[in-house]
Amino acid sequence: MTQNIADCRKDFPALQQNISGRSLVYLDTAASAQQPAAVIDAVAQYQRENHANVHRGVHTLSHRATELYEGARDKLRAFINASNRTEIIFTSGTTEAINLVAQSYCRPILGAGDQILITWLEHHSNIVPWQLVCEQTGAELIVAPINDDGEVGLDELYALMSDRVKMLAIGHVSNALGTVNPVRRIVERARQHDIPVLVDGAQGMPHMAVDVQGLGCDFYAFSGHKMYGPTGTGVLWGREALLEDMPPYQGGGDMILEVSFDNTVYNELPYKFEAGTPNIAGVIGLGAAVDYLQSLGMEKISAHEKHLHDYMVNKLESVDGVRLIGTADEKASVQSFMLDDIHPHDLGTILDNQGVAIRTGHHCAMPVMQRFGLTGTARASLGLYNNTDDIDCLVVALEKAREIFA
Amino acid sequence: MTQNIADCRKDFPALQQNISGRSLVYLDTAASAQQPAAVIDAVAQYQRENHANVHRGVHTLSHRATELYEGARDKLRAFINASNRTEIIFTSGTTEAINLVAQSYCRPILGAGDQILITWLEHHSNIVPWQLVCEQTGAELIVAPINDDGEVGLDELYALMSDRVKMLAIGHVSNALGTVNPVRRIVERARQHDIPVLVDGAQGMPHMAVDVQGLGCDFYAFSGHKMYGPTGTGVLWGREALLEDMPPYQGGGDMILEVSFDNTVYNELPYKFEAGTPNIAGVIGLGAAVDYLQSLGMEKISAHEKHLHDYMVNKLESVDGVRLIGTADEKASVQSFMLDDIHPHDLGTILDNQGVAIRTGHHCAMPVMQRFGLTGTARASLGLYNNTDDIDCLVVALEKAREIFA
Amino acid sequence: MNYTLAKDELQDLYRELILDHARTPRNFRRLANATHTATGINALCGDKLHLYLVVDANDRVVETSFEGSGCAISMASASLLTETISDMSVADANACFETVTRHLTRPPNGDGEATEFTFEKLRAFDGVRKYPSRVKCATLAWHALHAALNHSNSPATTE
Amino acid sequence: MNYTLAKDELQDLYRELILDHARTPRNFRRLANATHTATGINALCGDKLHLYLVVDANDRVVETSFEGSGCAISMASASLLTETISDMSVADANACFETVTRHLTRPPNGDGEATEFTFEKLRAFDGVRKYPSRVKCATLAWHALHAALNHSNSPATTE
Ligand SMILES: Cc1ncc(COP(=O)(O)O)c(C=O)c1O
Ligand SMILES: Cc1ncc(COP(=O)(O)O)c(C=O)c1O
């Protein structure tokens, strides 16, 4: 494992390959990050040497698996500065984490007249769970607008805050536009109305040091695969006092202390919310991803990515016909754009043909697209393993696209 | 990959190790199976070479990941003889699959006066989700008894069937006792009352060829990690006509066709039920597990395990002080027992000290334990990689336990 | 580095006929008197197109048009579809749907393709078959046609 | 094969004193006049034990008993607990909880253990420390004691 960001690209096996005859330029980290060998190997080693079901076994393998799984929980707790390991609930991803809060925290307390507040910037995973629970309860979904730069209008957001709002759910960083929301300030305002705040941290975790107590929010949801860990893993962090009062989300093994047909006693936190056999191998891999990120240092990663992002924006602006979508003051590692009137989908194919992987389409953020009168954009997103050569390749590839569609 | 069951133990890296100085005897497959190298390598290779997010990307890696992920769906469809790939819904495990049906199929249609029918044999994952939905809707959970051999009383079960019953949820094979339920006959009776049937197949899949159309049930739920695949994976199979009519379970990316704040259009099957980034690597590993099982042949696996199970039962009966719990006529690969008045937990430790891994406790089936007036049992469970030597080691270890507690 | 190959492949994908129809789609309008309509949604990119048909009393497609937005491949495909099926019987149009989608989803250089496929202009899309994620773009309009002729209510997709 | 080692380890875990208390637990009964009670649940094996205390007006534990079922380690631990804390002040019993649980959860051969730990009989459990999954069995009764003395309502567990 390397400690130097400039060298760390070699830690990622997937980046050592050629695509269409040229070495892969991966600019799709916002969709899913590649994994360092340390993560891949931790998963494989667990499966080769230490696998068994967790929590209920007295034999050696079961004990080892439990220690590794619970050890990952400790790593995650420290990584986001949660006050207690019981507040770290493993889920299958951000999406499940948000649905859990919508169903277990909100559904029992919502009724007609109540509101859930989100923004136009959100990913579908931070929209649809709220639409579902509003439909189920008769509550209303209200949405704070964004401006032409892709920033949430704070005045409008604050104006929507009231006693009727039972939850504010807001992204830390927009996956479509890269906008970084001023979460701490927003939380302070929400506090004045006693509105609990869920932060969708799927795009926050990979790019900056996250301190959930510092942010002041009540729930923070994120996915392993966006932060260089395995798919099928995620975390819901929640304040213990809130989690304690919530009914379980799913029923099954491990989430109970005692089952009888008359009376079932739920287990303590975090187990109350972890029904069934968890993704043991995945969670252990996620712990290894945290180790990897900490060995580099989140501050260094942020600085590296900030530098690269500025370089990318400059370069893109120098390409004739490029229109940037998402020009907020505070941005992280993601840039959407259009090139002439080339459809993003065509652009994606042409770039892929030159070894450059970008994402195209609505990025699971259709309302953002509608706001800009588009059906989709091309999006280049950065990870800690990218460098300025990658950006240069992107620009060359864009020039070729213009030639073909000239 | 070997084709011969007698040789296949070498395909499993975890079984090549020593525990407490002696070669591992793994008799805890019912809790979680070990994985063949073919599965471990498929996961690692995917992560090293082909990882990207699925379904929405035009670039090469995203395309490869999508093909591999959807290819696994085709494998699963064929493996359980589902009529359509749209009926294969990937979940995080059996537990989530059952919760999905309880919440999406049952919750909207249940009210006071309605009933859900289960049996005393069920795993907590096939009890608690129904308790939760009954609590939410005012419906009633009714439970068919089991006899002293650990068999469901069919007359009593049939007597409980009526128009009021909106779902029968029953295990294919009991994880605590190994009882195989006559699912096909039971489904036929349920049909006469138009009762839909969910089969908890967590312990069915690893031990026998499963044909969901042949069984005639409506839903079949199972976990990857019980059938030599990765943790964090599972399948809900359901009849297309039922799945079509069910509202989504979770909201998020991929489960919608179109999102706006006025109107959200859900995606087609199976995507409607796969919100968020799935466990791509895990599902690909599950596909590799299916390939592995098919290369051996489920019939051969069943025959091998049946032979071993009979051997184990005979051997256990020859040990003084052993009392078998679960003596049904139809059994699969699982045997619970007590030894003198040694507490199972102590037994587990003593066996572990001799390299023999068994499970002890309530096996997430507390009602079964209560039925037998126990708090727990010792349980030896078999996988395709076990052999008669393993059983002999178990017996020697049990004799030592008797010495210590003499 | 093998840029020439890549560029040739791209030119094979974006042939002149495709670029031409994408730039200037034919029959691009709403038909107020449509007897059959359908919407196609490409879940991959979120694009939508609406197909309009006028079928007369003799079961003949007398007019076809479309509206919507999409990539060059899907726009060109829709545009060429409107030209291809104009004046066909409903049965022929359905058969055409079968032939075209089968052709496009067959791997390149598969068996017997030369003999079977008679819609010469549509060979412009042959390059698409190397890009499985783009095949859906090329078939979207055809799936919409199938839905329109068979009165399906939910939007057609290519999943 | 190293059976001797394994057997020695087992004898270190299941020492004579533990087997004796497990076979014939002391103070195994319900106390109708208990002033403090608590239930301990071991989630690992589903075992439950109920602890009963009589604390007098001077905050002294004048009687202790337990009921329930469990493995040899947890039964012996509960049995020895009732003997150990009988006649202690509540403050001393709480301190004893702290000392014992700290001692049992410390890895074997850790620092400074010899000097600190004064409950000689409870050294019978030292062998448990090599079996982390069994440490919970040894500490369960102690957690129940802590819950009883501090009036906690939910069942004590060792998670
Ligand atoms: C019969 C049965 N049903 C359900 C489950 C739950 O499976 P999982 O924990 O993988 O969700 C299990 C396994 O623990 C089981 O054995
Ligand atoms: C901002 C944001 N929120 C939520 C999600 C959903 O995450 P997942 O698909 O891992 O559940 C994503 C990623 O797709 C995202 O970028």
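Along each chain, residue indices are assigned from 1 in the same order as the chain's sequence is written. A letter from A marks each chain and a number from 1 marks each ligand, given out in the order of writing. Totals for whole chains, interfaces and linings use all residues, but because this is a predicted model, local features are given only for residues with pLDDT of at least 70 and pairs of side-chain atoms are given and counted only at 80 or more. Side-chain metrics in this entry use all non-hydrogen atoms of the structure; hydrogen atoms and water are not considered.

## Regarding the relation of the copies chain A and chain B
Mapping chain A onto chain B calls for a rotation angle of 180° and an axial translation of 0.0 Å; the resulting RMSD is 0.0 Å. Those values place the two copies in the arrangement expected of a two-fold rotation axis. What sets the superposition is a least-squares fit of C-alpha atoms, and only residues with pLDDT of at least 70 in both copies go into it.

## Observations regarding the domain arrangement of chain A
All names here are of chain A. Each domain's extent is set by a domain assignment, obtained either automatically or from a database. Annotation of chain A at the domain level lists domain 1 (5-31 + 297-405) and domain 2 (40-295). Measuring from the centre of the C-alpha atoms in domain 1 to the corresponding centre in domain 2 gives 28 Å. Contact with domain 1, which involves 40 residues of that partner, is made by 35 residues of domain 2. Contact with domain 2 buries area across many residues of domain 1, yet Met298, Cys364 and Arg371 alone supply 21% of it, more than any other trio. When a carboxyl oxygen of Asp or Glu lies within 4 Å of a side-chain nitrogen of Lys or Arg, that pair is called a salt bridge. The tally of links between domain 1 and domain 2 comes to 1 salt bridge. In this structure, Asp148 engages Arg371 in a salt bridge whose closest nitrogen and oxygen atoms are separated by 2.9 Å. By the criterion applied in these results, polar contacts are pairs of N or O atoms within 3.5 Å in which, for protein atoms, one can donate a hydrogen and the other can accept it, and in which residues neighboring in sequence qualify only through two side-chain atoms. For the pair domain 1 and domain 2, the number of links is 23 residue pairs in polar contact (both at pLDDT 80 or more). Strands here mean DSSP runs of E at least two residues long; helices mean DSSP runs of H or I at least four residues long; both are numbered from the N terminus. Among the secondary structure elements, those contributing two or more residues to the side of domain 1 that touches domain 2 are helix 10 (298-317), strand 14 (334-339) and helix 12 (366-371). Ranked by residues supplied to the side of domain 1 that touches domain 2, first place goes to helix 12 with 6 residues. Under this grouping Gly is polar, as are all residues other than the nonpolar Ala, Val, Leu, Ile, Met, Phe, Trp, Tyr, Cys and Pro and the charged Asp, Glu, Lys and Arg. Across the side of domain 1 that touches domain 2, the residue classes break down as 21 nonpolar, 11 polar and 8 charged. Should any heavy atoms of two residues lie within 4.5 Å, those residues are considered in contact. Computed with a 1.4 Å rolling probe, the buried area is the accessible surface lost when two parts are put together, summed over both parts.

## Quick look at the site of ligand 2
Only a single heavy atom is needed: when it lies within 4 Å of a molecule or strand, its residue is near that molecule or strand. In the vicinity of ligand 2 there are 13 residues, among which A:Thr95, A:Asp200, A:Ser223, A:Lys226 and B:Thr277 approach most closely. One chain alone does not account for the residues near ligand 2; they come from chains A and B. One nitrogen or oxygen atom from the side chain of A:Lys226 is found 2.7 Å from an oxygen atom belonging to ligand 2. Areas reported here follow the Shrake-Rupley algorithm with a probe of radius 1.4 Å; residue values treat only the protein chains shown as occluding. Starting from 390 Å² of accessible surface for ligand 2 in isolation, the protein chains cover 95%. Grouping the constituent residues of the shell around ligand 2 by class yields 1 nonpolar, 10 polar and 2 charged.

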